[in-house]
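Okay, here's what each chain looks like letter by letter:
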Amino acid sequence: MSAALLEVRDLRTHFHTRAGVLKAVDGVSFTLARGEILGLVGESGSGKSVTGFSLIGLVDPPGRIAGGSIRFDGQELVGLAQPAMRGLRGKRIAMVFQDPAATLNPVLTIGQQMAMAVQAHGGGGERAARELAARSLARVGIPDAVARLDAYPHEFSGGMRQRVAIAIALLHQPELIIADEPTTALDVSIQAQILAEMKALAKESGTALIWISHDLATVSSLADRVMVMYAGRIVERGPVAEVLHAPLHPYTRGLLDSLPALATPGQRLAQIPGSTPSLLSLAPGCPFAPRCARASTACGTDPPQVGDARHGALCHHPLGAGP
Amino acid sequence: MLGYIIQRLIQAAFVMLAMSALVFVGVYAIGNPIDVLISPDATQDIREAAIRHYGLDLPLWQQYLAFLGRLLQGDLGRSFVLNIPVLELVLSRLPATLELALAAVLMGAFIGVPLGIYAGYRPESPASKAIMAASVLGFSVPTFWVGLILILTFAVNLDWLPAGDRGPTVEVFGVGWSFLTREGLAFLALPALNLSLFKLAMMVRLSRAGTREVMLSDTVKFARAAGLSEFTILRRHVLRLISIPLVTVFGLEFGSTLAFAVVTETIFSWPGVGKLIIDSITSLDRPVMVGYLVLVAFLFVTINLVVDLSYALLDPRLRRGRRA
Ligand SMILES: Nc1ncnc2c1ncn2[C@@H]1O[C@H](COP(=O)(O)OP(=O)(O)O)[C@@H](O)[C@H]1O
Ligand SMILES: [Mg+2]
């Protein structure tokens, strides 16, 4: 494989709130190859969205990237001036959000919104922009694309609306798309359709995809590799099949046990006890320890990296290695 | 859409009917106009002849029905005092008030909305804080005081602009407008500014609140993720999204400015309907009062209708009869 498309090193994104410094992303590192699909899973509040927004340079105040490095195709994005960052957004790095009803502007037609996205990167005249928009809509499976350009978002179903948002992300054939729970708000059957289509589109155009989800099952059907996030850190990473069948981290095990599709039939679904810790007042050591059945006094210190470069975890007591 | 317009028109007609009755009863319940019309030492005969002549001896409901019948023919009666048709009287004063109110509201919108959007976009900047502080002043300082200060500053001390009265007019469609001449604009400037300050402050506050809310929305985040410039986002997304409440307030403010420009018209001796209504109240000229109030109600209803219909233009979700 050639040089990585994306290389993230020790990324830290902090929110300076009145209650203190909230470390939403706390030392995240990973690489992504061109055309690769990477899943990012974790419970709500674990820092997945903030990771995505950090990559595209759109962290909301009072948050800011406090340290680390993001190299995109060799270019450093941390500290990059806004005009240069804006030139990348939508053009080479695109993002799709959870709720298409909220992302599309209800009072502008799809065509107007797509034309703006085309012209943000100098895309020529009105006609050229409309043609490009119609082609992009057709690619994501919207029938009668030319006529639909003059429709408003409320004239589409939820699934179709998300396809429109995906079509906007695909307009400039970006090298990287960050998809932040794009199917969470949709019906299960439509979720599956969109997942399959996104996978095909990404593979066909060589676009790398970071797929964010709180649902390990969704990610496992789509991604090549998966990262499990907890309290701002990547606690486990590896190829999907290995993480699914031989998880190292007790948290990943807990996520797997709470999945209906993967649990042993007849057995009750196991919820992970407790809830996600407040990122404002994290005790030192492993943040999962208070909810972990395998925790010991050792967990009060920072957990070591276990496993290898392909499949690893941050844990004192990884599974499959004795208690 | 057509059905919607018809439904709104019928509603408007009912509102007008109710308004005309309220106004008629309200105004006819005060004072005795006959005392104003004839000299106190007139004989009883002259007195009764006058009462009959003006229909003041009939029961209230008959007076109202007669009034309504004439109203439907566009006849608002004659002024007791000036003895000319009320419609003619009000209409002769209306253009002056109309151009004053429109100038004030447009000034409020064209200055207030950009300032408000800026203040909502950069809420922490010193300029935004200054804008918001100024808008508080615009709300709380009394109109007559600002009017006097404006006259003192720009008319008396600097001698840049005239202190009062209306400038020369140009006839368009048989109506005289003063904003079409340079001199007319000079006369219009101070009263329009005086009248616009409150509206300007309101537009600033509304646009700021709307902008702050929209800036946090996923729509703006998604537009940024698509690489749109901040200026395009403000102009194409934010302005469109905040325009619906702005149009409502613009319409209502325009209506109330038309009806209640009294203070400004008095300070600047602006010959509009505000001055007319004050005069008619002091002389208990009931036909003028009633006619004026009915016309104002009519203007309000019309403006509301236009505002409602422009919603449909601004918000596609309200348009009916389209494929869902
Ligand atoms: N604008 C913000 N201000 C303060 N805290 C924030 C903000 N956005 C996110 N956070 C915090 O960052 C943490 C991670 O949030 P997020 O990335 O949205 O989680 P996820 O996407 O995994 O559900 C949460 O604790 C959240 O409260
Ligand atoms: Mg999220």
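About the cut-offs
Residues numbered from 1 in each chain as written. Chains lettered and ligands numbered in written order. Predicted model: local features only at pLDDT ≥ 70, side-chain atom pairs only at ≥ 80, totals over all residues. Heavy atoms only, no water. Helix = DSSP H or I, 4+ residues; strand = E, 2+ residues; numbered from the N terminus. Contact = heavy atoms within 4.5 Å. Domains from an automatic or database assignment. Buried area = accessible area lost by both parts, 1.4 Å probe. Salt bridge = Lys/Arg side-chain N within 4 Å of Asp/Glu carboxyl O. Polar contact = N/O pair within 3.5 Å; in protein donor to acceptor, adjacent residues only side chain to side chain. Nonpolar A, V, L, I, M, F, W, Y, C, P; charged D, E, K, R; others polar. Near = heavy atom within 4 Å. Areas by Shrake-Rupley, 256 points an atom, 1.4 Å probe, with all protein chains shown as cover. Axes fitted to C-alpha atoms, helices over the stretch in contact; angles between N-to-C directions. Parallel < 35°, antiparallel > 145°, perpendicular 65-115°, else oblique. Left-handed = near helix turned anticlockwise from the far one by under 90°.

Some words on the environment of Leu171 of chain A
Residue and element names in this part refer to chain A.
Okay, step 1: One can find Leu171 in the loop between helix 7 (158-170) and strand 7 (176-180).
Okay, step 2: As a C-alpha pair, Leu171 and Ala115 span 56 residues in sequence and 9.8 Å in three-dimensional space.
Okay, step 3: Those residues in contact with Leu171 that sit more than four places away from it in its chain are Met114, Ala117, Val118, Leu132, Ala133 and Ser136.

Here we look at the domain arrangement of chain A
Residues and elements named next belong to chain A.
Okay, step 1: When the domains of chain A are assigned, the result is domain 1 (4-92 + 172-314) and domain 2 (108-168).
Okay, step 2: Of note, the centres of domain 1 and domain 2, computed from C-alpha atoms alone, are 29 Å apart.
Okay, step 3: The partner domain 2 presents 11 residues to the 17 residues of domain 1 that form the contact.
Okay, step 4: Buried area between domain 1 and domain 2, both sides added, is near 1100 Å², and the carbon and sulfur share of it is 55%.
Okay, step 5: Looking only at domain 1, the three residues that lose the most surface to domain 2 are His172, Ile194 and Leu201, adding up to 39% of its buried area.
Okay, step 6: Taken together, the links from domain 1 to domain 2 amount to 1 salt bridge.
Okay, step 7: Ionic pairing is found between Glu197 and Arg163, a salt bridge with its closest N-O pair at 3.0 Å.
Okay, step 8: Where domain 1 touches domain 2, the interface holds 5 residue pairs in polar contact (both at pLDDT 80 or more).
Okay, step 9: Contributions of two or more residues to the side of domain 1 that touches domain 2 are made by helix 2 (82-88) and helix 8 (188-205).
Okay, step 10: Sorting elements by how many residues they give to the side of domain 1 that touches domain 2 places helix 8 first, with 8 residues.
Okay, step 11: A per-class count over the side of domain 1 that touches domain 2 returns 6 nonpolar, 6 polar and 5 charged.

A word on the site of ligand 1
All names here are of chain A.
Okay, step 1: The immediate surroundings of ligand 1 are formed by 13 residues, with Gly45, Gly47, Lys48, Ser49 and Val50 found nearest.
Okay, step 2: The separation between an oxygen atom of ligand 1 and a polar main-chain atom of Gly47 is 3.1 Å.
Okay, step 3: In isolation ligand 1 offers 560 Å² of accessible surface; the protein chains occlude 68% of this area.
Okay, step 4: The set of elements that each furnish at least two residues to the shell around ligand 1 consists of strand 2 (20-32) and helix 1 (48-56).
Okay, step 5: Among the elements that take part in the shell around ligand 1, helix 1 stands out by supplying 3 residues, more than any other.
Okay, step 6: When its residues are assigned to classes, the shell around ligand 1 shows 5 nonpolar, 5 polar and 3 charged.

Thoughts on the packing of helix 9 (residues 218-225) of chain B against helix 10 (residues 230-259) of chain B
Residue and element names in this part refer to chain B.
Okay, step 1: At a minimum axis distance of 11 Å, the contact between helix 9 and helix 10 shows a crossing angle of 150°. The orientation of helix 9 relative to helix 10 falls into the category roughly antiparallel. At the point where helix 9 passes helix 10, the crossing takes the right-handed sense. Of helix 10, the residues touching helix 9 (which contributes Thr219, Val220, Ala223 and Arg224) are Glu230, Ile233, His237, Val238 and Leu241.

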